[in-house]
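# Residue-level structure breakdown
What follows is each chain in one-letter form.
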Amino acid sequence: MAPVHAACALLSLAPLLVLGVPPIWTQPEQVHLSYPGVPGSMVVTWTTFNKTETKVEYGLLGGRPFEMSAKGDVTLFVDSGVEKRKMFIHRVTLKGLKPAATYVYHCGSDDGWSDMFTFTALNDSTSFSPRFALYGDLGNENPQSLARLQKETQLGMY
Ligand SMILES: *[C@@H]1O[C@H](CO)[C@@H](O)[C@H](O)[C@H]1NC(C)=O
Ligand SMILES: *[C@@H]1O[C@H](CO)[C@@H](O)[C@H](O)[C@H]1NC(C)=O
């Protein structure tokens, strides 16, 4: 009986342990890209719970890693919930990118870097036509289109 009880106690604790993990205060989260409408540029945006520096280190795929770096701005965001949770939104604009070249980058600061990611700068050819994947509210249970979107993105289709 005792081992069963112990197992039950452990199982019922498991969700608490997961929920109880504190955030890593200086670690970038929610990294995303946007195109600011200026050829040869790309904006990297992310959040942290504590205020940190705002840096992106990047380089051409296959070149010297993190050969270049750029700094940006941070703004405080306070959500409208009762807890008035604070987070910091970081934004860096990369400029002078080589058209259609793929770059490897990470973002953050010396207090914590994101994973490494890649992006491809916009192709400046007049005959270039981009392909977009538009989606919304994919869901977490039975996400029919998720695997396909992941694979096709990894294949460079969008
Ligand atoms: C994060 O900010 C809180 C509140 O300002 C502070 O108490 C804490 O020491 C900071 N943590 C880190 C890792 O900087
Ligand atoms: C840019 O787009 C043009 C037209 O689609 C294509 O021919 C060219 O190969 C592309 N450039 C690069 C570097 O991929």
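What counts and what doesn't
- Residues numbered from 1 in each chain as written.
- Chains lettered and ligands numbered in written order.
- Predicted model: local features only at pLDDT ≥ 70, side-chain atom pairs only at ≥ 80, totals over all residues.
- Heavy atoms only, no water.
- Core = buried A, V, L, I, M, F, W, Y, C linked by side-chain atoms within 4.5 Å.
- Buried < 20%, exposed > 50% of the residue type's maximum accessible area, 1.4 Å probe, protein only.
- Helix = DSSP H or I, 4+ residues; strand = E, 2+ residues; numbered from the N terminus.
- Contact = heavy atoms within 4.5 Å.
- Near = heavy atom within 4 Å.
- Polar contact = N/O pair within 3.5 Å; in protein donor to acceptor, adjacent residues only side chain to side chain.
- Areas by Shrake-Rupley, 256 points an atom, 1.4 Å probe, with all protein chains shown as cover.
- Nonpolar A, V, L, I, M, F, W, Y, C, P; charged D, E, K, R; others polar.
- Phe/Tyr/Trp six-rings, centres within 6.5 Å; stacked < 30°, edge-to-face > 60°.

## Considerations on the nonpolar core
Formed by 15 residues in total, the largest nonpolar core has its most connected members in Val 44, Val 56, Tyr 58, Leu 94, Leu 97, Tyr 103 and Phe 119. Elements with a contribution of two residues or more to this core: strand S2 (42–48), strand S3 (55–60), strand S6 (86–94) and strand S7 (102–109). Apart from the residues within four sequence positions on either side, Phe 119 is in contact with Leu 33, Met 42, Leu 94, Leu 97, Ala 101, Thr 102, Tyr 103 and Tyr 105.

## Some details on the environment of Met 157
Residue position: Met 157 is located in the segment after helix H2 (146–154). Using a relative accessible area of 34% as the deciding quantity, one classes Met 157 as partly exposed. Apart from residues no more than four positions distant in its own chain, Met 157 is found in contact with Arg 131 and Glu 152.

## Description of the site of ligand 2
Taken together, Ala 100, Asn 123, Ser 125, Ser 127 and Phe 128 are the residues near ligand 2. In this structure, Asn 123 approaches ligand 2 through a side-chain N or O atom, which is 2.3 Å from an oxygen atom. In isolation ligand 2 offers 370 Å² of accessible surface; the protein chains occlude 39% of this area. Broken down by class, the residue content of the shell around ligand 2 amounts to two nonpolar, three polar and no charged.

## A closer look at the packing of aromatic side chains
Under the counting rule described, the total for this entry stands at five aromatic pairs. Ring centres of Trp 25 and Phe 49 lie 6.2 Å apart, and the angle between their planes is 80°; on these two criteria the pair is classed as edge-to-face. Taken together, the positions of Trp 25 in the loop between helix H1 (2–19) and strand S1 (29–34) and Phe 49 in the loop between S2 and S3 put the pair 24 residues apart, joining distant regions of the chain. The class of Trp 25 is partly exposed, set by a relative accessible area of 47%. Look at Tyr 105 and Phe 117: their rings are 5.9 Å apart centre to centre, the planes differ by 45°, and that puts the pair in the tilted class. Remark: Phe 117 occurs in strand S9 (residues 117–120) and Tyr 105 occurs in strand S7; sequence separation between them is 12 residues. Owing to a relative accessible area of 31%, Phe 117 belongs among the partly exposed residues under this scheme. Taken together, the ring pairs in this structure connect Tyr 58, Tyr 103, Tyr 105, Phe 117 and Phe 119 into an aromatic cluster.

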